[in-house]
Amino acid sequence: MLITFKSKAASEITMYKEHAKRILEILQKDVERGVITPAELPHAIEKIEAAVADSKAHPISDEVSRDVNAHHNANGDDNDHEKPEPVTFATRVYPVLEMLHAANKMQREVMWGV
């Protein structure tokens, strides 16, 4: 399932619902449908930036590292496949955070599910 964030201040952003869910939970918003008003934007930006800083402060867990390395032998050889790289929360949230900044600057709302 996909969620598309919309604002008159920026281009639409479409992401998987499972990834958008974490962002919206931080903002205490409904995943299915919602709006961030211009008055809510400064606080929303602050919360997302704090979550990004927190995610950067904690390294990838051993469990994730083990999953990434699961198909590589001691020599790193797995039939010419590239080793997968996990996508961090900071990377996933970046486009939405940029939209929030643009919407705040132009005093426009950000919506999804509409």
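Before reading on, note that the structure itself is shown above.
Here the residue numbering is sequential within each chain, running from 1 through the sequence in written order. In keeping with the predicted nature of the model, local features appear solely for residues at pLDDT of at least 70, side-chain atom pairs appear and are counted solely at 80 or more, and the whole-chain, interface and lining totals rest on all residues. Only hydrogens and water are set aside; all other atoms, that is, all heavy atoms of the structure, feed into the side-chain values.

Asks: Can you help me understand the packing of helix α1 (residues 17-26) against helix α4 (residues 89-106) in this one?
Replies: Think of two packed helices as two axes; the pair is described by the angle between the axes and how far apart they sit. Where helices are involved, their axes are fitted lines through C-alpha atoms of the stretch in contact, as for all axes, and angles between N-to-C directions lie from 0 to 180°. Helix and strand labels come from DSSP, where a helix needs a run of H or I of at least four residues and a strand needs a run of E of at least two; each type is numbered from the N terminus. Interhelical geometry of α1 versus α4 gives an angle of 75 degrees and a closest axis separation of 10 Å. Looking at the two axes, α1 sits roughly perpendicular to α4. Residues His19, Arg22, Ile23 and Ile26 of α1 form the contact with α4, whose participating residues are Phe89, Arg92, Val93 and Val96. Three classes are used: nonpolar for Ala, Val, Leu, Ile, Met, Phe, Trp, Tyr, Cys and Pro, charged for Asp, Glu, Lys and Arg, and polar for all others, with Gly counted as polar. Partitioned by chemical class, the residues of the contact of α1 with α4 number 5 nonpolar, 1 polar and 2 charged. Roughly parallel covers angles under 35 degrees, roughly antiparallel covers those over 145, roughly perpendicular covers 65 to 115, and oblique covers all other angles. Only heavy atoms matter for contacts: two residues are in contact if any of them lie within 4.5 Å across the pair.

Asks: Would you explain the sheet that holds strand β4 (residues 110-112) in this entry?
Replies: Adjacent strands of a sheet pair through backbone hydrogen bonds, lying either parallel or antiparallel. A sheet is described by the order of its strands in space; here 4 strands give the open sequence β2-β1-β4-β3, paired in antiparallel fashion. The open sheet is flanked by β2 (10-16) and β3 (34-36), the only strands paired with a single partner. Going across the sheet, the axis of each strand differs from the next one's by a mean of 20 degrees, ignoring polarity. Each pair of strands is called paired provided DSSP finds at least two bridges between the two strands. One ladder, built from 5 bridges, connects strand β1 (residues 2-7) with β2; its direction is antiparallel. Considered in β2, the bridge of serine 7 is made with alanine 10. Packing against the sheet, α1 makes contact with β1, β2 and β4, and its axis sits at approximately 110 degrees to β2.

Asks: How should I be thinking about the environment of phenylalanine 5 in this particular structure?
Replies: Here phenylalanine 5 lies in strand β1. Working definition: with a 1.4 Å probe on protein chains only, accessible area under 20% of the residue-type maximum means buried, over 50% means exposed, and in between means partly exposed. When its relative accessible area of 2% is taken as the criterion, phenylalanine 5 is described as buried. When the C-alpha atoms of phenylalanine 5 and tryptophan 112 are compared, they prove to be 4.7 Å apart, with 107 residues separating the residues in sequence. For phenylalanine 5, the contacting residues outside a window of four places in its chain are Glu12, Ile13, Met15, Ala20, Leu24, Val96, Met99, Val110, Met111 and Trp112.

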